[in-house]
Amino acid sequence: MKNVGVIGTGYVGLTHGAILAEKGNNVICYDIDREKIERLHKGQIPIYEPGLEQLVRKNLGEQRLEFTTNKDFCIKESDILFICVNTPPKQSTGGLRKADLSYVEHAARDIAEKMNGYKIVVDKSTVPIRTGEKIYETLKKFHPPHNFDVVSNPEFLREGRAVEDSMNPDRIVIGVMRDGEGNLLETPLENMRELYQNFNTKIVETDIWSAELIKLAANAYLANQVSFINKIAELCAATGADVSEVAKGMRLDRRIGQYAFLNAGIGFGGSCFPKDIESLHNIMMEEQINPELLKQVLEVNNAQKYYFLKMIEEGLWTIRDKQIAALGLAFKPDTDDMREAPSIEIVNKLNDEGAKVRVYDPKAMEQARSHFGDNVTYAKNLEEAVIGTDAIVLITEWDEFKNMDLESTKKMMNTPANFFDGRNVFNPKKMSEIGFYYYSIGRPHIEPRKENKKQ
Ligand code: UGA
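What counts and what doesn't
- Residues numbered from 1 in each chain as written.
- Predicted model: local features only at pLDDT ≥ 70, side-chain atom pairs only at ≥ 80, totals over all residues.
- Heavy atoms only, no water.
- Pairing = 2+ DSSP bridges.
- Helix = DSSP H or I, 4+ residues; strand = E, 2+ residues; numbered from the N terminus.
- Contact = heavy atoms within 4.5 Å.
- Axes fitted to C-alpha atoms, helices over the stretch in contact; angles between N-to-C directions.
- Near = heavy atom within 4 Å.
- Polar contact = N/O pair within 3.5 Å; in protein donor to acceptor, adjacent residues only side chain to side chain.
- Areas by Shrake-Rupley, 256 points an atom, 1.4 Å probe, with all protein chains shown as cover.
- Nonpolar A, V, L, I, M, F, W, Y, C, P; charged D, E, K, R; others polar.
- Buried < 20%, exposed > 50% of the residue type's maximum accessible area, 1.4 Å probe, protein only.
- Parallel < 35°, antiparallel > 145°, perpendicular 65-115°, else oblique.
- Left-handed = near helix turned anticlockwise from the far one by under 90°.

Trainee: Sorry if this is basic, but what is going on with the sheet that holds strand β12 (residues 356-360) here?
Mentor: As a general point, the strands of a sheet are linked pairwise by backbone hydrogen bonds and lie either parallel or antiparallel. Taken together, six strands build an open sheet; the order of strands is β13-β12-β11-β14-β15-β16 and the sheet is parallel. Edge positions in the sheet fall to β13 (377-378) and β16 (436-440), since each has one partner strand and no second. With five bridges connecting them, strand β15 (residues 417-421) and β16 associate as parallel partners. Of the residues in β16, the one forming a bridge with Asn418 is Tyr437. The strands touched by helix α13 (residues 342-352) within the sheet are β11 (323-327), β12 and β14 (391-394), with β12 carrying the most contacts at an inclination of about 160 degrees.

So, in C-alpha coordinates, the structure goes:
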(Lines give C-alpha, C1' and ligand atoms only; values in the text may rest on other atoms or scores of the structure.)
Protein backbone atom coordinates (compact mmCIF):
# COMPACT_ATOMS: atom_id res chain seq x y z
CA MET A 1 0.00 0.00 0.00
CA LYS A 2 1.43 3.35 -1.05
CA ASN A 3 0.59 6.97 -0.41
CA VAL A 4 -0.07 8.39 -3.82
CA GLY A 5 -0.68 11.98 -4.90
CA VAL A 6 -2.29 12.86 -8.20
CA ILE A 7 -1.91 16.39 -9.57
CA GLY A 8 -4.74 17.19 -11.99
CA THR A 9 -8.15 15.52 -12.02
CA GLY A 10 -8.97 15.39 -15.73
CA TYR A 11 -9.75 12.11 -17.53
CA VAL A 12 -6.37 10.61 -16.80
CA GLY A 13 -5.82 11.86 -13.23
CA LEU A 14 -9.30 11.09 -12.00
CA THR A 15 -9.40 7.60 -13.48
CA HIS A 16 -5.88 6.78 -12.39
CA GLY A 17 -6.48 8.03 -8.85
CA ALA A 18 -9.68 6.03 -8.52
CA ILE A 19 -8.06 2.87 -9.90
CA LEU A 20 -5.03 3.08 -7.60
CA ALA A 21 -7.38 3.59 -4.65
CA GLU A 22 -9.42 0.60 -5.77
CA LYS A 23 -6.20 -1.45 -5.76
CA GLY A 24 -5.71 -0.57 -2.09
CA ASN A 25 -3.52 2.55 -2.06
CA ASN A 26 -4.20 5.82 -0.24
CA VAL A 27 -4.74 8.41 -2.93
CA ILE A 28 -4.99 12.19 -2.67
CA CYS A 29 -6.09 13.96 -5.84
CA TYR A 30 -5.31 17.65 -6.13
CA ASP A 31 -6.84 20.13 -8.55
CA ILE A 32 -6.75 23.92 -8.71
CA ASP A 33 -10.45 24.07 -9.67
CA ARG A 34 -12.32 24.55 -6.39
CA GLU A 35 -15.77 23.91 -7.82
CA LYS A 36 -14.66 20.65 -9.40
CA ILE A 37 -13.11 19.47 -6.14
CA GLU A 38 -16.28 20.34 -4.21
CA ARG A 39 -18.33 18.26 -6.62
CA LEU A 40 -15.83 15.40 -6.45
CA HIS A 41 -16.09 15.45 -2.64
CA LYS A 42 -19.76 14.60 -3.12
CA GLY A 43 -18.89 11.86 -5.59
CA GLN A 44 -20.05 13.83 -8.64
CA ILE A 45 -17.70 13.52 -11.57
CA PRO A 46 -17.47 16.30 -14.16
CA ILE A 47 -17.30 14.04 -17.22
CA TYR A 48 -19.34 11.18 -18.64
CA GLU A 49 -17.27 8.02 -18.31
CA PRO A 50 -18.98 4.66 -17.76
CA GLY A 51 -18.28 3.16 -14.33
CA LEU A 52 -16.07 6.00 -13.08
CA GLU A 53 -18.58 7.69 -10.79
CA GLN A 54 -19.37 4.41 -9.01
CA LEU A 55 -15.65 3.72 -8.55
CA VAL A 56 -15.00 7.21 -7.17
CA ARG A 57 -17.94 6.95 -4.74
CA LYS A 58 -16.91 3.50 -3.54
CA ASN A 59 -13.34 4.58 -2.79
CA LEU A 60 -14.41 7.86 -1.22
CA GLY A 61 -16.71 5.85 1.05
CA GLU A 62 -13.93 3.43 1.95
CA GLN A 63 -11.65 6.40 2.65
CA ARG A 64 -8.85 5.43 0.31
CA LEU A 65 -9.52 8.35 -2.02
CA GLU A 66 -9.70 12.05 -1.21
CA PHE A 67 -9.87 15.27 -3.17
CA THR A 68 -8.23 18.54 -2.23
CA THR A 69 -7.32 22.01 -3.44
CA ASN A 70 -4.46 22.01 -0.94
CA LYS A 71 -1.32 21.40 -2.99
CA ASP A 72 0.93 21.33 0.08
CA PHE A 73 -1.07 18.58 1.69
CA CYS A 74 -1.15 16.47 -1.48
CA ILE A 75 2.61 16.76 -2.02
CA LYS A 76 3.66 16.31 1.58
CA GLU A 77 1.46 13.28 2.28
CA SER A 78 2.49 11.37 -0.84
CA ASP A 79 5.50 9.16 -1.59
CA ILE A 80 4.69 8.89 -5.27
CA LEU A 81 3.35 11.92 -7.13
CA PHE A 82 1.68 11.55 -10.50
CA ILE A 83 1.62 14.60 -12.77
CA CYS A 84 -1.64 14.25 -14.71
CA VAL A 85 -2.21 17.83 -15.82
CA ASN A 86 -3.44 18.96 -19.19
CA THR A 87 -1.02 19.34 -22.11
CA PRO A 88 -3.29 21.13 -24.60
CA PRO A 89 -2.04 21.97 -28.08
CA LYS A 90 -0.74 25.53 -28.36
CA GLN A 91 -2.16 27.51 -31.25
CA SER A 92 0.58 28.19 -33.75
CA THR A 93 0.79 30.69 -36.55
CA GLY A 94 2.39 28.34 -39.01
CA GLY A 95 3.15 24.62 -39.08
CA LEU A 96 1.70 22.17 -36.61
CA ARG A 97 0.77 22.87 -33.02
CA LYS A 98 3.02 22.07 -30.07
CA ALA A 99 1.91 20.75 -26.69
CA ASP A 100 1.64 23.45 -24.02
CA LEU A 101 3.75 22.14 -21.14
CA SER A 102 3.28 25.06 -18.77
CA TYR A 103 1.00 23.06 -16.44
CA VAL A 104 3.58 20.29 -16.28
CA GLU A 105 6.29 22.80 -15.45
CA HIS A 106 4.14 24.36 -12.71
CA ALA A 107 3.48 20.99 -11.18
CA ALA A 108 7.20 20.19 -11.15
CA ARG A 109 8.01 23.56 -9.53
CA ASP A 110 5.34 23.06 -6.89
CA ILE A 111 6.69 19.63 -6.03
CA ALA A 112 10.25 21.00 -5.80
CA GLU A 113 9.16 23.76 -3.46
CA LYS A 114 6.94 21.69 -1.19
CA MET A 115 8.60 18.28 -0.96
CA ASN A 116 9.39 17.07 2.55
CA GLY A 117 11.34 13.84 1.88
CA TYR A 118 12.25 11.43 -0.95
CA LYS A 119 9.59 11.55 -3.68
CA ILE A 120 9.04 9.70 -6.90
CA VAL A 121 7.69 12.14 -9.45
CA VAL A 122 5.85 10.35 -12.23
CA ASP A 123 4.76 11.93 -15.45
CA LYS A 124 1.50 10.49 -16.72
CA SER A 125 0.39 13.35 -18.96
CA THR A 126 1.06 12.70 -22.65
CA VAL A 127 4.12 14.76 -23.38
CA PRO A 128 6.71 15.20 -26.11
CA ILE A 129 9.80 13.07 -25.74
CA ARG A 130 12.36 14.46 -23.26
CA THR A 131 9.78 16.04 -20.96
CA GLY A 132 10.90 13.67 -18.19
CA GLU A 133 14.34 15.16 -18.49
CA LYS A 134 12.88 18.67 -18.28
CA ILE A 135 10.92 17.72 -15.17
CA TYR A 136 14.15 16.43 -13.67
CA GLU A 137 15.99 19.65 -14.52
CA THR A 138 13.14 21.79 -13.16
CA LEU A 139 13.11 19.89 -9.89
CA LYS A 140 16.86 20.38 -9.60
CA LYS A 141 16.71 24.05 -10.54
CA PHE A 142 14.19 24.85 -7.84
CA HIS A 143 16.48 23.36 -5.22
CA PRO A 144 14.38 20.76 -3.49
CA PRO A 145 16.00 20.02 -0.15
CA HIS A 146 15.31 16.31 -0.62
CA ASN A 147 16.10 13.49 -2.93
CA PHE A 148 13.80 12.53 -5.80
CA ASP A 149 13.48 10.34 -8.88
CA VAL A 150 11.60 11.04 -12.08
CA VAL A 151 9.59 8.35 -13.86
CA SER A 152 7.60 8.27 -17.08
CA ASN A 153 4.51 6.08 -16.84
CA PRO A 154 2.34 6.86 -19.87
CA GLU A 155 -1.39 6.31 -19.89
CA PHE A 156 -3.04 4.16 -22.56
CA LEU A 157 -6.73 4.35 -21.56
CA ARG A 158 -9.39 5.11 -24.16
CA GLU A 159 -12.12 7.58 -23.35
CA GLY A 160 -15.43 5.80 -22.90
CA ARG A 161 -13.54 2.75 -21.62
CA ALA A 162 -11.26 4.45 -19.14
CA VAL A 163 -12.12 2.24 -16.15
CA GLU A 164 -12.01 -1.02 -18.08
CA ASP A 165 -8.70 -0.11 -19.76
CA SER A 166 -7.08 1.08 -16.54
CA MET A 167 -8.16 -1.96 -14.53
CA ASN A 168 -6.92 -4.37 -17.21
CA PRO A 169 -4.22 -2.60 -19.20
CA ASP A 170 -2.47 -4.41 -22.08
CA ARG A 171 0.82 -3.34 -20.50
CA ILE A 172 2.27 -0.94 -17.97
CA VAL A 173 5.26 1.07 -19.15
CA ILE A 174 7.72 2.35 -16.57
CA GLY A 175 10.56 4.57 -17.76
CA VAL A 176 13.31 5.59 -15.34
CA MET A 177 16.67 7.34 -15.64
CA ARG A 178 19.96 5.52 -15.95
CA ASP A 179 22.88 5.64 -13.52
CA GLY A 180 26.45 6.54 -14.54
CA GLU A 181 27.02 3.00 -15.83
CA GLY A 182 23.94 3.00 -17.99
CA ASN A 183 21.77 0.80 -15.74
CA LEU A 184 18.13 1.67 -15.05
CA LEU A 185 17.79 3.18 -11.56
CA GLU A 186 16.61 0.47 -9.22
CA THR A 187 14.88 2.50 -6.44
CA PRO A 188 12.14 4.09 -8.57
CA LEU A 189 11.70 0.83 -10.50
CA GLU A 190 11.20 -1.14 -7.32
CA ASN A 191 8.64 1.34 -5.98
CA MET A 192 6.69 1.38 -9.23
CA ARG A 193 6.74 -2.43 -9.49
CA GLU A 194 5.30 -2.58 -5.99
CA LEU A 195 2.62 -0.02 -6.81
CA TYR A 196 1.48 -2.06 -9.80
CA GLN A 197 1.89 -5.50 -8.26
CA ASN A 198 -1.87 -6.16 -8.20
CA PHE A 199 -2.27 -5.55 -11.92
CA ASN A 200 -2.20 -8.76 -13.85
CA THR A 201 -0.30 -7.57 -16.90
CA LYS A 202 3.13 -7.23 -18.49
CA ILE A 203 5.38 -4.49 -17.16
CA VAL A 204 7.79 -2.87 -19.59
CA GLU A 205 10.80 -1.45 -17.76
CA THR A 206 12.79 0.97 -19.82
CA ASP A 207 14.45 4.38 -19.93
CA ILE A 208 12.37 7.56 -19.72
CA TRP A 209 12.74 8.60 -23.36
CA SER A 210 11.70 5.21 -24.68
CA ALA A 211 8.68 5.19 -22.35
CA GLU A 212 7.59 8.60 -23.62
CA LEU A 213 8.06 7.49 -27.20
CA ILE A 214 6.11 4.23 -26.71
CA LYS A 215 3.04 6.33 -25.96
CA LEU A 216 3.41 8.74 -28.88
CA ALA A 217 4.39 6.03 -31.34
CA ALA A 218 1.45 3.79 -30.32
CA ASN A 219 -1.07 6.60 -30.82
CA ALA A 220 0.49 7.65 -34.12
CA TYR A 221 0.49 4.05 -35.32
CA LEU A 222 -3.20 3.58 -34.48
CA ALA A 223 -4.09 6.88 -36.14
CA ASN A 224 -2.06 5.79 -39.15
CA GLN A 225 -4.27 2.69 -39.43
CA VAL A 226 -7.39 4.87 -39.42
CA SER A 227 -6.07 7.12 -42.20
CA PHE A 228 -4.83 4.10 -44.13
CA ILE A 229 -8.23 2.40 -44.17
CA ASN A 230 -9.95 5.70 -45.00
CA LYS A 231 -7.73 6.05 -48.04
CA ILE A 232 -8.52 2.46 -49.05
CA ALA A 233 -12.22 3.32 -48.54
CA GLU A 234 -11.87 6.10 -51.08
CA LEU A 235 -10.45 3.61 -53.54
CA CYS A 236 -13.29 1.18 -52.76
CA ALA A 237 -15.86 3.89 -53.47
CA ALA A 238 -14.21 4.61 -56.80
CA THR A 239 -14.01 0.98 -57.87
CA GLY A 240 -17.16 -0.56 -56.38
CA ALA A 241 -15.32 -2.63 -53.76
CA ASP A 242 -16.59 -2.73 -50.16
CA VAL A 243 -14.19 -1.46 -47.48
CA SER A 244 -15.88 -3.49 -44.72
CA GLU A 245 -15.08 -6.67 -46.65
CA VAL A 246 -11.54 -5.50 -47.26
CA ALA A 247 -11.01 -4.75 -43.54
CA LYS A 248 -12.56 -8.09 -42.56
CA GLY A 249 -10.14 -9.92 -44.83
CA MET A 250 -7.18 -7.90 -43.58
CA ARG A 251 -7.98 -8.52 -39.91
CA LEU A 252 -7.73 -12.28 -40.38
CA ASP A 253 -4.02 -11.86 -40.89
CA ARG A 254 -2.66 -12.39 -37.37
CA ARG A 255 -0.01 -9.76 -37.97
CA ILE A 256 -2.80 -7.23 -38.44
CA GLY A 257 -5.33 -8.66 -35.99
CA GLN A 258 -8.98 -8.33 -35.07
CA TYR A 259 -8.49 -5.20 -32.94
CA ALA A 260 -6.72 -3.21 -35.66
CA PHE A 261 -8.12 0.30 -36.16
CA LEU A 262 -9.58 -0.48 -39.55
CA ASN A 263 -13.09 0.92 -39.26
CA ALA A 264 -13.41 3.36 -42.11
CA GLY A 265 -15.39 6.48 -41.29
CA ILE A 266 -15.13 10.23 -41.05
CA GLY A 267 -11.73 10.18 -39.36
CA PHE A 268 -10.36 10.39 -35.88
CA GLY A 269 -10.89 13.20 -33.40
CA GLY A 270 -10.42 13.65 -29.68
CA SER A 271 -7.77 15.22 -27.55
CA CYS A 272 -5.13 12.55 -28.21
CA PHE A 273 -4.52 11.35 -31.75
CA PRO A 274 -4.34 14.75 -33.50
CA LYS A 275 -2.25 16.32 -30.75
CA ASP A 276 0.13 13.39 -30.38
CA ILE A 277 0.84 13.09 -34.09
CA GLU A 278 1.57 16.79 -34.25
CA SER A 279 3.85 16.41 -31.29
CA LEU A 280 5.72 13.51 -32.88
CA HIS A 281 5.92 15.44 -36.14
CA ASN A 282 7.51 18.40 -34.36
CA ILE A 283 10.07 16.25 -32.61
CA MET A 284 11.06 14.71 -35.93
CA MET A 285 11.43 18.18 -37.45
CA GLU A 286 13.64 19.22 -34.57
CA GLU A 287 15.79 16.15 -35.13
CA GLN A 288 15.85 16.84 -38.88
CA ILE A 289 14.04 13.62 -39.69
CA ASN A 290 11.56 13.71 -42.57
CA PRO A 291 8.07 13.73 -40.94
CA GLU A 292 6.07 13.46 -44.19
CA LEU A 293 4.46 10.14 -43.20
CA LEU A 294 2.86 11.71 -40.12
CA LYS A 295 1.78 14.80 -42.01
CA GLN A 296 -0.04 12.59 -44.49
CA VAL A 297 -1.91 10.82 -41.67
CA LEU A 298 -3.25 14.20 -40.55
CA GLU A 299 -4.03 15.42 -44.04
CA VAL A 300 -5.95 12.27 -44.96
CA ASN A 301 -7.84 12.57 -41.68
CA ASN A 302 -8.77 16.17 -42.27
CA ALA A 303 -9.90 15.47 -45.84
CA GLN A 304 -12.21 12.72 -44.64
CA LYS A 305 -14.80 15.17 -43.24
CA TYR A 306 -14.93 16.97 -46.59
CA TYR A 307 -15.23 13.68 -48.43
CA PHE A 308 -18.31 12.94 -46.29
CA LEU A 309 -19.73 16.44 -46.83
CA LYS A 310 -19.29 16.05 -50.58
CA MET A 311 -21.14 12.75 -50.40
CA ILE A 312 -24.03 14.49 -48.61
CA GLU A 313 -24.08 17.24 -51.19
CA GLU A 314 -24.08 14.81 -54.08
CA GLY A 315 -26.85 12.75 -52.44
CA LEU A 316 -29.11 15.73 -51.74
CA TRP A 317 -28.06 17.74 -54.78
CA THR A 318 -28.62 21.03 -52.91
CA ILE A 319 -28.38 21.47 -49.17
CA ARG A 320 -30.19 24.78 -48.69
CA ASP A 321 -33.42 24.40 -46.66
CA LYS A 322 -33.04 20.63 -46.31
CA GLN A 323 -34.05 19.30 -42.90
CA ILE A 324 -31.08 17.33 -41.59
CA ALA A 325 -30.69 15.31 -38.40
CA ALA A 326 -27.06 15.15 -37.23
CA LEU A 327 -26.75 12.16 -34.91
CA GLY A 328 -23.78 11.84 -32.59
CA LEU A 329 -21.65 14.85 -31.66
CA ALA A 330 -19.04 13.45 -29.25
CA PHE A 331 -15.78 12.46 -30.97
CA LYS A 332 -16.61 8.80 -30.28
CA PRO A 333 -19.32 6.85 -28.43
CA ASP A 334 -19.55 6.56 -24.63
CA THR A 335 -18.05 9.95 -23.92
CA ASP A 336 -19.36 13.52 -23.81
CA ASP A 337 -16.02 14.83 -25.10
CA MET A 338 -16.28 16.96 -28.24
CA ARG A 339 -12.63 18.03 -28.45
CA GLU A 340 -11.61 17.93 -32.13
CA ALA A 341 -14.80 15.99 -32.94
CA PRO A 342 -15.54 15.67 -36.69
CA SER A 343 -19.13 16.68 -35.87
CA ILE A 344 -18.08 20.31 -35.31
CA GLU A 345 -16.90 20.89 -38.87
CA ILE A 346 -19.63 18.76 -40.44
CA VAL A 347 -22.53 20.46 -38.63
CA ASN A 348 -21.07 23.94 -39.14
CA LYS A 349 -20.59 23.37 -42.86
CA LEU A 350 -24.12 22.00 -43.32
CA ASN A 351 -25.35 25.03 -41.48
CA ASP A 352 -23.28 27.39 -43.65
CA GLU A 353 -24.82 25.77 -46.71
CA GLY A 354 -28.27 26.72 -45.45
CA ALA A 355 -29.52 23.37 -44.11
CA LYS A 356 -31.91 23.31 -41.15
CA VAL A 357 -29.84 21.16 -38.82
CA ARG A 358 -31.21 19.34 -35.80
CA VAL A 359 -28.53 17.82 -33.57
CA TYR A 360 -28.75 15.02 -31.06
CA ASP A 361 -26.21 13.16 -28.92
CA PRO A 362 -27.00 10.91 -25.92
CA LYS A 363 -24.45 12.72 -23.69
CA ALA A 364 -22.77 15.69 -25.39
CA MET A 365 -25.68 18.14 -25.71
CA GLU A 366 -24.28 20.58 -23.17
CA GLN A 367 -20.91 20.69 -24.93
CA ALA A 368 -22.68 21.05 -28.28
CA ARG A 369 -24.22 24.36 -27.23
CA SER A 370 -20.82 25.96 -26.88
CA HIS A 371 -19.93 24.92 -30.43
CA PHE A 372 -23.16 25.60 -32.30
CA GLY A 373 -24.90 28.29 -30.24
CA ASP A 374 -28.24 29.27 -31.77
CA ASN A 375 -27.39 28.01 -35.25
CA VAL A 376 -28.98 24.58 -34.84
CA THR A 377 -31.99 23.01 -33.15
CA TYR A 378 -31.24 20.80 -30.15
CA ALA A 379 -33.42 17.68 -30.17
CA LYS A 380 -34.36 16.18 -26.82
CA ASN A 381 -34.27 12.65 -28.13
CA LEU A 382 -33.72 10.56 -31.22
CA GLU A 383 -37.34 10.72 -32.34
CA GLU A 384 -37.45 14.51 -32.11
CA ALA A 385 -34.22 14.65 -34.12
CA VAL A 386 -35.39 12.54 -37.05
CA ILE A 387 -39.09 13.36 -37.43
CA GLY A 388 -39.85 15.21 -40.66
CA THR A 389 -36.24 15.26 -41.88
CA ASP A 390 -34.96 14.76 -45.41
CA ALA A 391 -31.72 13.22 -44.28
CA ILE A 392 -30.02 11.59 -41.34
CA VAL A 393 -26.30 12.21 -41.02
CA LEU A 394 -24.82 9.69 -38.62
CA ILE A 395 -21.58 11.03 -37.17
CA THR A 396 -20.91 9.02 -33.99
CA GLU A 397 -21.81 5.35 -33.64
CA TRP A 398 -23.54 5.32 -30.24
CA ASP A 399 -25.39 2.07 -29.39
CA GLU A 400 -28.61 4.07 -29.27
CA PHE A 401 -28.22 4.71 -33.00
CA LYS A 402 -26.97 1.23 -33.84
CA ASN A 403 -30.11 -0.17 -32.19
CA MET A 404 -32.58 2.38 -33.56
CA ASP A 405 -35.84 1.15 -35.04
CA LEU A 406 -35.06 1.78 -38.70
CA GLU A 407 -38.55 0.95 -39.99
CA SER A 408 -40.28 3.50 -37.80
CA THR A 409 -37.51 6.04 -38.37
CA LYS A 410 -38.06 5.73 -42.11
CA LYS A 411 -41.79 6.31 -41.62
CA MET A 412 -41.15 9.44 -39.57
CA MET A 413 -38.91 10.99 -42.23
CA ASN A 414 -39.86 12.81 -45.43
CA THR A 415 -39.69 10.96 -48.72
CA PRO A 416 -37.18 10.40 -50.17
CA ALA A 417 -35.41 9.41 -46.95
CA ASN A 418 -31.66 9.82 -47.18
CA PHE A 419 -29.30 8.19 -44.72
CA PHE A 420 -25.64 9.22 -44.67
CA ASP A 421 -23.79 6.81 -42.45
CA GLY A 422 -20.37 8.21 -41.52
CA ARG A 423 -19.48 5.13 -39.50
CA ASN A 424 -20.67 2.23 -41.69
CA VAL A 425 -23.00 1.01 -38.97
CA PHE A 426 -25.79 -0.47 -41.07
CA ASN A 427 -26.17 -3.20 -43.63
CA PRO A 428 -26.72 -1.56 -47.03
CA LYS A 429 -29.03 -4.30 -48.29
CA LYS A 430 -31.28 -3.98 -45.24
CA MET A 431 -31.35 -0.18 -45.59
CA SER A 432 -32.47 -0.56 -49.18
CA GLU A 433 -35.24 -2.98 -48.19
CA ILE A 434 -36.52 -0.51 -45.62
CA GLY A 435 -36.61 2.21 -48.24
CA PHE A 436 -33.61 4.44 -47.59
CA TYR A 437 -31.26 6.04 -50.04
CA TYR A 438 -28.24 4.81 -48.13
CA TYR A 439 -24.75 6.27 -48.40
CA SER A 440 -21.78 5.04 -46.41
CA ILE A 441 -17.98 5.26 -46.51
CA GLY A 442 -16.16 3.10 -49.05
CA ARG A 443 -19.19 0.96 -49.86
CA PRO A 444 -21.52 1.16 -52.85
CA HIS A 445 -24.40 3.64 -52.43
CA ILE A 446 -27.76 1.92 -52.31
CA GLU A 447 -31.18 2.99 -53.55
CA PRO A 448 -34.43 1.80 -51.98
CA ARG A 449 -35.84 -1.45 -53.35
CA LYS A 450 -38.39 -0.52 -56.00
CA GLU A 451 -41.52 -1.33 -53.98
CA ASN A 452 -40.25 0.83 -51.08
CA LYS A 453 -39.40 3.90 -53.06
CA LYS A 454 -42.67 5.72 -52.50
CA GLN A 455 -43.53 4.65 -48.98
C1 UGA B 1 -6.53 6.95 -27.80
C2 UGA B 1 -5.78 5.62 -27.63
O3 UGA B 1 -6.54 4.55 -28.20
C4 UGA B 1 -5.50 5.33 -26.15
O5 UGA B 1 -4.73 4.13 -26.03
C6 UGA B 1 -4.72 6.51 -25.56
O7 UGA B 1 -4.48 6.33 -24.17
C8 UGA B 1 -5.54 7.80 -25.75
O9 UGA B 1 -5.78 8.00 -27.16
C10 UGA B 1 -4.75 8.94 -25.18
O11 UGA B 1 -3.68 9.24 -25.71
O12 UGA B 1 -5.13 9.49 -24.16
P13 UGA B 1 -9.08 7.73 -27.50
O14 UGA B 1 -8.64 8.97 -28.21
O15 UGA B 1 -9.84 7.85 -26.23
O16 UGA B 1 -7.81 6.80 -27.17
O17 UGA B 1 -10.02 6.91 -28.50
P18 UGA B 1 -9.84 5.74 -29.57
O19 UGA B 1 -10.80 4.67 -29.25
O20 UGA B 1 -8.44 5.35 -29.75
O21 UGA B 1 -10.36 6.47 -30.90
C22 UGA B 1 -9.69 7.60 -31.44
C23 UGA B 1 -10.39 8.10 -32.69
O24 UGA B 1 -10.19 7.20 -33.78
C25 UGA B 1 -11.90 8.27 -32.56
O26 UGA B 1 -12.28 9.47 -33.16
C27 UGA B 1 -12.47 7.07 -33.31
O28 UGA B 1 -13.74 7.32 -33.85
C29 UGA B 1 -11.42 6.90 -34.41
N30 UGA B 1 -11.34 5.51 -34.94
C31 UGA B 1 -10.90 4.51 -34.15
C32 UGA B 1 -11.71 5.26 -36.25
O33 UGA B 1 -12.13 6.18 -37.01
N34 UGA B 1 -11.61 3.98 -36.74
C35 UGA B 1 -11.15 2.96 -35.96
O36 UGA B 1 -11.07 1.81 -36.47
C37 UGA B 1 -10.81 3.23 -34.63
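Trainee: Even after reading the chapter, I still don't get the site of the ligand, so can you show me in this structure?
Mentor: The environment of the ligand is formed by 19 residues, the closest being Phe156, Leu157, Glu159, Lys215 and Asn219. At 2.9 Å from an oxygen atom of the ligand is found a main-chain nitrogen or oxygen belonging to Asn263. Within the side chain of Lys332, one N or O atom sits 2.8 Å away from an oxygen atom of the ligand. Taking 720 Å² as the accessible area of the ligand by itself, protein coverage stands at 92%. The dominant element in the shell around the ligand, judged by the number of residues it contributes, is helix α9 (residues 208-239), at three residues. Of the residues that constitute the shell around the ligand, the class distribution is nine nonpolar, three polar and seven charged.

Trainee: Mind showing me how you'd approach the side chain of Asn59 here?
Mentor: Topologically, Asn59 is positioned in helix α3 (residues 52-61). On the basis of relative accessibility, which here comes to 0%, the residue Asn59 falls in the buried class. Of note is the side chain of Asn59, whose polar atom sits 3.0 Å from the side chain of Glu22. Of note is the side chain of Asn59, whose polar atom sits 3.0 Å from the backbone oxygen of Leu55. For Asn59, the contacting residues outside a window of four places in its chain are Ala18, Ala21, Glu22, Arg64 and Leu65.

Trainee: Just checking my understanding: could you explain the packing of helix α1 (residues 11-22) against α3 for this structure?
Mentor: Packed helices, taken two at a time, are described by the angle their axes make and the gap between the axes. Running from N to C, α1 and α3 cross one another at 50 degrees; their axes reach a closest spacing of 9 Å. Considering the angle they form, α1 stands oblique to α3. As α1 runs across α3, the sense of the crossing is left-handed. Between α1 and α3, the contacting residues are Leu14, Thr15, Ala18, Ile19, Ala21 and Glu22 on the first element and Leu52, Leu55, Val56, Lys58 and Asn59 on the second.

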